[in-house]
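Residues per chain, in single letters:
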Amino acid sequence: MRILLLGYGKMGKTIEQIAISRNHTAPFKIDLENYSSLTSITKDQVDVAIEFTQPESAYNNVKYCIEQGIPVVCGTTGWLEKKKELEELCRKNGSAFFYASNFSVGVNLFFHLNKLLAKIMNPFPEYEVSMEEIHHKQKLDAPSGTAITLAEGIIDATPKINSWVNQPTKEKSLLGITSKRLDAVPGTHTVYYNSPVDTIEITHTAHSREGFAKGAVVAAEWLVGKKGVFGMDDMLKISY
Ligand SMILES: NC(=O)c1ccc[n+]([C@@H]2O[C@H](COP(=O)([O-])OP(=O)(O)OC[C@H]3O[C@@H](n4cnc5c(N)ncnc54)[C@H](O)[C@@H]3O)[C@@H](O)[C@H]2O)c1
Ligand SMILES: O=C(O)C1=N[C@H](C(=O)O)CCC1
């Protein structure tokens, strides 16, 4: 595949390495200094775009790809309030758009474990649920996109909880998410169920960015030739 890389930072560079190791090429790499050249790229020149930039940039980049009919895989977090609009545009234009808050297979298994655990814990009100996410200090958004997806899984399965807040809380209808930023942490997420007598906790720890990057390249391979709006569950076909 000829990949248009939108964002050539930590993820863009890791994605390029993995793409090349899988016999793909990245003939176009767009970052802030050459951003204006994006509008000269058309669907004849590339097979797919992979977008990992920053919250303020993702909407315009994904919109451009959808309008041009370039299949686009996006992993940028922190802009989800505008995602629905682009999903509708994608369906209307007959384009292809794949989004995941986390492309690692391990995290997507963890999402399912999280939902299952939330269901199991429902009849036991003495346990209070909370979450912690830890990432590197350059991360711009909080809580992480992964933490929001985990929170949505818990809220769906737990009638007494209706929302999340990005701080610890004693309010029983809220899920408190604590965000920590430490030097070089690629991404660690823990869900806690605390009772007066014990704690149950589940943790996913990323050891590097490789799992995210490989997942994004595999998603791009999977997306080419399809039309519609997709996510990791469509590709991995996980059920429990
Ligand atoms: N979904 C996942 O699996 C996953 C995994 C890791 C990171 N992320 C997310 O991906 C995004 C990027 O992460 P990163 O660690 O590579 O960040 P980064 O800061 O290292 O890289 C982002 C790059 O995008 C560039 N950029 C900003 N605006 C741009 C624009 N309009 N066009 C092109 N390039 C632009 C920046 O100059 C920078 O080089 C973040 O939102 C992060 O949360 C998602
Ligand atoms: O490094 C980041 O930034 C990450 N962002 C995603 C998120 O917000 O969940 C995935 C993990 C790494």
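Per an unreviewed UniProt entry, the protein chain is named 4-hydroxy-tetrahydrodipicolinate reductase, and its organism is Sporocytophaga myxococcoides. Quoted verbatim from the Subcellular location (unreviewed entry) field of UniProt, the annotation for the protein chain is "Cytoplasm". Recorded in UniProt under Pathway (unreviewed entry), the annotation for the protein chain is "Amino-acid biosynthesis; L-lysine biosynthesis via DAP pathway; (S)-tetrahydrodipicolinate from L-aspartate: step 4/4."

Surveying the vicinity of ligand 1 reveals 26 residues, the closest of which are Gly-7, Gly-9, Met-11, Ser-57 and Gly-75. Only helix H1 (10-21) and helix H2 (55-68) provide two or more residues apiece to the shell around ligand 1. Sorting elements by how many residues they give to the shell around ligand 1 places H1 first, with three residues.

Another aspect to go through is the packing of H2 against helix H3 (residues 83-93). Following both chains from N to C, one finds H2 and H3 inclined at 10 degrees, their axes separated by 10 Å at the closest point. Between H2 and H3, the interaxial angle falls into the category roughly parallel. Here Tyr-59, Val-62, Lys-63, Ile-66 and Glu-67 of H2 lie close against H3, whose contacting residues are Leu-86, Leu-89, Cys-90 and Asn-93. When its residues are assigned to classes, the contact of H2 with H3 shows six nonpolar, one polar and two charged.

We note that the domain assignment places domain 1 (2-103 + 210-236) and domain 2 (105-207) within the protein chain. For domain 1 versus domain 2, the separation of C-alpha centres amounts to 27 Å. Looking at the side of domain 1 that touches domain 2, the elements with two or more residues in it are helix H6 (210-223) and helix H7 (232-236). Here the side of domain 1 that touches domain 2 is composed, by residue class, of three nonpolar, seven polar and no charged.

This next bit is on the site of ligand 2. Lining the immediate environment of ligand 2, one finds Thr-77, Ser-101, Asn-102, His-135, Lys-139, Ser-144, Gly-145, Thr-146 and Gly-187. Tallied by class, the residues present in the shell around ligand 2 amount to no nonpolar, eight polar and one charged. In terms of domain composition, the shell around ligand 2 takes at least three residues from each of domain 1 (2-103 + 210-236) and domain 2 (105-207).

Turning to the environment of Val-129, a few remarks are in order. Along the chain, Val-129 falls in strand S6 (residues 128-135). Accessibility expressed as a C-beta count within 10 Å gives 21 for Val-129, which makes it buried. Along the backbone, Val-129 and Thr-76 are 53 residues apart, and their C-alpha atoms lie at a distance of 27 Å. Those residues in contact with Val-129 that lie beyond four places of it in its chain are Ile-154, Leu-175, Val-191, Tyr-192 and Tyr-193.

This brings us to the UniProt feature "domain: Dihydrodipicolinate reductase N-terminal" (unreviewed entry) in the protein chain. The feature "domain: Dihydrodipicolinate reductase N-terminal" (unreviewed entry), as given by UniProt, occupies residues 1-103 in the numbering adopted here. Annotated as residues 1-103, this span is 36% helix and 21% strand, and its ends, taken at the C-alpha atoms, are 19 Å apart.

Sheet architecture is open: six strands sit in the order S2-S1-S3-S4-S5-S11, paired in parallel fashion. Looking at the sheet topology across the chains shown, the edges are occupied by strand S2 (25-30) and strand S11 (228-230). Going across the sheet, the axis of each strand differs from the next one's by a mean of 20 degrees, ignoring polarity. Both strand S5 (residues 96-99) and S11 contribute to a ladder of three bridges, which runs parallel. Across the sheet, the residue bridging to Ala-96 is Gly-228, located in S11. Of the strands in this sheet, strand S1 (2-6), strand S3 (48-51), strand S4 (72-74) and S5 touch H2, which is tilted by about 160 degrees from S4.

Rules used throughout
- Residues numbered from 1 in each chain as written.
- Chains lettered and ligands numbered in written order.
- Predicted model: local features only at pLDDT ≥ 70, side-chain atom pairs only at ≥ 80, totals over all residues.
- UniProt positions renumbered as here; feature names shortened; annotations may be inferred.
- Near = placed C-beta within 6 Å.
- Helix = DSSP H or I, 4+ residues; strand = E, 2+ residues; numbered from the N terminus.
- Axes fitted to C-alpha atoms, helices over the stretch in contact; angles between N-to-C directions.
- Parallel < 35°, antiparallel > 145°, perpendicular 65-115°, else oblique.
- Contact = placed C-beta atoms within 7 Å.
- Nonpolar A, V, L, I, M, F, W, Y, C, P; charged D, E, K, R; others polar.
- Domains from an automatic or database assignment.
- Buried ≥ 20, exposed ≤ 12 C-beta atoms within 10 Å, placed from the backbone.
- Pairing = 2+ DSSP bridges.

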